[in-house]
Amino acid sequence: MCYAIPAKVIEIKKNIAVLDYFGERRNVVLDLPDIQIGDYVFAQGGILVRKVDEKEALAVLDTWKDLFFELKEIDQQLARPLQSEKLSGNALAVLQKVNLKQALTKEDLLVLSALTDQKELSVLYEVANQVRQREHSNASCVHGIIEFSNYCRGDCFYCGIRRERAIERYRMTEAEILAVTKQAIDEYGFKAIVLQSGEDLYYDEDQLERLVKALRQLGILIFLSIGVRPVATYKKLYAAGARAALMRFETSNPAIFQQLRPNTTLDERLALIRELKKIGYVLATGFLIGLPNEQPEDLVNNILLTKELEPEMYSFGPLIPTQDTPLVHAPTTSVDQVLKTIAIARLASPDANILVTTALETLSPEGKRQALLAGANSMMINLTPMQYRPLYSIYDNRACNQQEVASNIQATVQLLRDLGRAPMDVGL
Ligand code: SF4
């Protein structure tokens, strides 16, 4: 998006380029030919995605040179020191380990997951924000997401576009997807696009390959969120230019997984997630927060499994019960459950990139801001054309259904500025 800073390549070590953002360094994968030291580039998700003309880069950098340092200062002020006196004994001991940069054990995470007092939770969020600031400075990334089909062969109990739910279905054509992406790049300056759909086999391997190749020509990071496909298909799409994949495992509890995702198993899903990583995709994974029958230990197991999968991005969504699905009467996950999950994940994996999902905004208009102040550092903006948006009804009353792209971008840019976050790549 327009909220993006170009960087200068200052060193190249085999396939890694070292980038400079006003004196801050980031390592990224060198995924383009003919890049030299001294070139200006855009990077996303730890991958160099596009070379920028020097004149253009210097003009953008000129607009950022003072603001960059102002934002840094705002961020530092907001990452306040620990108010430890508000904590009880065990939690205080855990957070002191965090300050000493010691790794947390499962027992430590269980102590944090048991916090319910609002004052104690506030301290947890503040510490998580400090750790985010310590590890990533004020870097943040914003990706665009296009939901290109709501057809799905899956029948997951919590999902509003499950096969058995009678809803109006849509598919965007390749031409529509390309047009939306071009607009996102040309008008709004996006550098990374997530292509998301149900598991819709109408788009076969060849069609997806053609689409990825066409999008890659536009100089962006292509993120796939298309569900279970053969490993060979994911390999082909990587070869075509896709570089990131989002696949959540949803729960680390095999019995709950089996119950809520008929005809699939947790082992199969984890095997595919591991394959994606092996292929070389920048991996985003995580789980649903607040599934029925999960115990407090499941939350900690979910966080630990996410960490074990070594993703470049963590993604946690709240359960929002949806009409005409088997989980319609399940309790809605609270904002604090989500914030607590983000904060604990940040403390368990200090250098993680943690995404604020759009579902959190549905729970609360302040959700995005709160999550960014509880350890999150990454966001997505919905670019799906307005006529399709309400049809991608994975849960009821999605906040993004009504918000036009331009006003969403404006609000996001303002939020990032208020919080002192700068759009440099978070690096590897
Ligand atoms: S969660 Fe994914 S696979 Fe399951 S029904 Fe929804 S879109 Fe389909």
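Worth saying up front: this structure is predicted, and the values here are computed from it rather than measured.

Draft legend 1. Highlighting the packing of aromatic side chains. Counted under the stated rule, the structure contains 11 aromatic pairs. Between F148 and Y203, the aromatic rings sit 4.9 Å apart at their centres with planes inclined by 85°, giving edge-to-face as the arrangement. In this pair, F148 sits in strand β6 (residues 141–149) while Y203 sits in the loop between β7 (192–197) and α6 (205–216), placing the two residues 55 residues apart along the sequence. The exposure class of F148 is buried, given its relative accessible area of 1%. Judged by its relative accessible area of 2%, Y203 falls in the buried class. A network of ring pairs unites the aromatic residues F249, F287, Y314 and F316 as a single cluster. Between K191 and the ring centre of F42, over which it is positioned, the NZ or CZ distance is 4.2 Å. The ring of W64 has R417 sitting right over it, with the charged end atom 5.6 Å from the ring centre.

Draft legend 2. Region of the structure containing the nonpolar core. One finds L124, L224 and L347 to be the most contacted residues of the largest nonpolar core, which totals 102 residues. In terms of residue count, the dominant contributor to this core is helix α11 (residues 335–348) (9 residues). Each residue touching L124, except ones within four places of it in the same chain, is listed here: L95, L112, L115, K340, A343, I344 and L347. In this structure, Y21, A57, F68 and I145 belong to the second largest nonpolar core, which totals 38 residues.

Draft legend 3. Looking closely at the site of the ligand. Taken together, the residues surrounding the ligand are C152, G154, C156, Y158, C159, I161, R162, G198 and R261. Classifying every residue of the shell around the ligand gives 5 nonpolar, 2 polar and 2 charged.

Draft legend 4. The packing of α6 against helix α7 (residues 231–240), seen in detail. Between α6 and α7, the shortest axis-to-axis distance is 8 Å and the interhelical angle comes to 25°. Taken together, the axes of α6 and α7 lie roughly parallel to each other. Crossing geometry of α6 relative to α7 is assigned as right-handed. In this structure, α6 contributes E205, D206, L208, E209, V212, K213 and R216 to the contact, and α7 contributes A232, T233, K236, L237 and A240.

Draft legend 5. Region of interest: the pattern of salt bridges. The full count for this structure, using the stated rule, is 28 salt bridges. E209 is the salt-bridge partner of K213, the closest N and O atoms lying 3.8 Å from each other. Placement of the pair is K213 and E209 together in helix α6, with a separation of 4 residues, close to one helical turn. Owing to a relative accessible area of 43%, K213 belongs among the partly exposed residues under this scheme. A salt bridge links E312 to K277, with the nearest nitrogen and oxygen atoms 2.8 Å apart. In this pair, E312 is assigned in the loop between α10 (296–308) and β11 (313–318) and K277 in helix α9 (residues 266–279), connecting sequence segments 35 residues apart. When its relative accessible area of 26% is taken as the criterion, E312 is described as partly exposed. Taken together, the salt bridges that share partners define one network made up of D155, R162, R163 and E164.

The rules we used
Residues numbered from 1 in each chain as written. Predicted model: local features only at pLDDT ≥ 70, side-chain atom pairs only at ≥ 80, totals over all residues. Heavy atoms only, no water. Phe/Tyr/Trp six-rings, centres within 6.5 Å; stacked < 30°, edge-to-face > 60°. Helix = DSSP H or I, 4+ residues; strand = E, 2+ residues; numbered from the N terminus. Buried < 20%, exposed > 50% of the residue type's maximum accessible area, 1.4 Å probe, protein only. Lys NZ or Arg CZ within 6 Å of the ring centre and 35° of its normal. Core = buried A, V, L, I, M, F, W, Y, C linked by side-chain atoms within 4.5 Å. Contact = heavy atoms within 4.5 Å. Near = heavy atom within 4 Å. Nonpolar A, V, L, I, M, F, W, Y, C, P; charged D, E, K, R; others polar. Axes fitted to C-alpha atoms, helices over the stretch in contact; angles between N-to-C directions. Parallel < 35°, antiparallel > 145°, perpendicular 65-115°, else oblique. Left-handed = near helix turned anticlockwise from the far one by under 90°. Salt bridge = Lys/Arg side-chain N within 4 Å of Asp/Glu carboxyl O.

Spatial relationships are all this shows, so hold off on functional conclusions.
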